[in-house]
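# Fold and geometry: a report
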Amino acid sequence: MTGVLNQAACALHIAAENIIRDDIARQYPQDAVRLTDFMSTLMSGLFAKARAGDSLECLGKTVRLAGLALRQILAR
């Protein structure tokens, strides 16, 4: 059963990355891979922080900071 749960978790993660990559590629095709990697890393970190007990307020601050970083990256 553990193996099945692990496969399901991996499939969900891959599906989420594909959705994010497809969305980004519509506007920024040349940056889709690196921005998807950034978003995936951010989501993993947010999940870990949430499991560790960080508040929604704290997680929201991280998301807003990431948004600022993305805007700056895309402005180049």
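Residues numbered from 1 in each chain as written. Predicted model: local features only at pLDDT ≥ 70, side-chain atom pairs only at ≥ 80, totals over all residues. Heavy atoms only, no water.

Nonpolar side chains collect at one region of the surface, where Met-1, Val-4 and Leu-5 lie side by side and expose about 370 Å² of accessible area between them. Owing to a relative accessible area of 77%, Met-1 belongs among the exposed residues under this scheme. (Patch = residues over 30% accessible without salt bridge, like charges linked within 9 Å, V, L, I, M, F, W, Y side chains within 5 Å. Areas by Shrake-Rupley, 256 points an atom, 1.4 Å probe, with all protein chains shown as cover. Salt bridge = Lys/Arg side-chain N within 4 Å of Asp/Glu carboxyl O. Buried < 20%, exposed > 50% of the residue type's maximum accessible area, 1.4 Å probe, protein only.)

Here we come to the confidence of the model for the protein chain. Here the protein chain averages 92 in pLDDT, while 100% of its residues score no lower than 70. Of all the helices and strands in the protein chain, helix H1 (residues 2-27) carries the lowest mean pLDDT, 91, while helix H3 (residues 56-74) carries the highest, 94. (pLDDT = per-residue confidence, 0-100. Helix = DSSP H or I, 4+ residues; strand = E, 2+ residues; numbered from the N terminus.)

On to H3. Side chains three or four residues apart in an α-helix point the same way, a direct result of the helix having 3.6 residues per turn. Here H3 contains 19 residues, and its C-alpha end-to-end distance of 26 Å stays within 8% of the 27 Å for a straight helix at 1.5 Å per residue. Leu-59, Gly-60, Ala-66, Gly-67 and Leu-70 are the residues of H3 that are buried. Buried residues of H3 fall within an arc of 120 degrees about the axis and therefore sit on the same side. Residues of H3 that are exposed and angled more than 90 degrees away from the buried face: Glu-57, Arg-64, Leu-65, Leu-68 and Gln-72. (Expected span 1.5 Å × (residues − 1). Arc of directions from axis to C-beta.)

We now examine the nonpolar core. Of all hydrophobic cores here, the largest spans five residues; its members are Ile-20, Ile-24, Ala-32, Leu-35 and Leu-70. Looking at this core, the elements with two or more residues in it are H1 and helix H2 (32-51). If near-sequence neighbours (up to four positions away) are discounted, Ala-32 is found in contact with Arg-21, Ile-24 and Ala-25. (Core = buried A, V, L, I, M, F, W, Y, C linked by side-chain atoms within 4.5 Å. Contact = heavy atoms within 4.5 Å.)

This part is about H2. Counted at 1.5 Å a residue, the expected span for H2 with its 20 residues is 28 Å, and the 28 Å between its end C-alpha atoms agrees. Every buried residue of H2 is accounted for by Ala-32, Leu-35, Thr-36, Ser-40, Leu-42 and Leu-46. Down the axis of H2, the smallest arc covering the buried residues is 165 degrees, so these residues share one side. Opposite the packed face of H2, turned more than 90 degrees from it, sit the exposed residues Val-33, Thr-41 and Arg-51.

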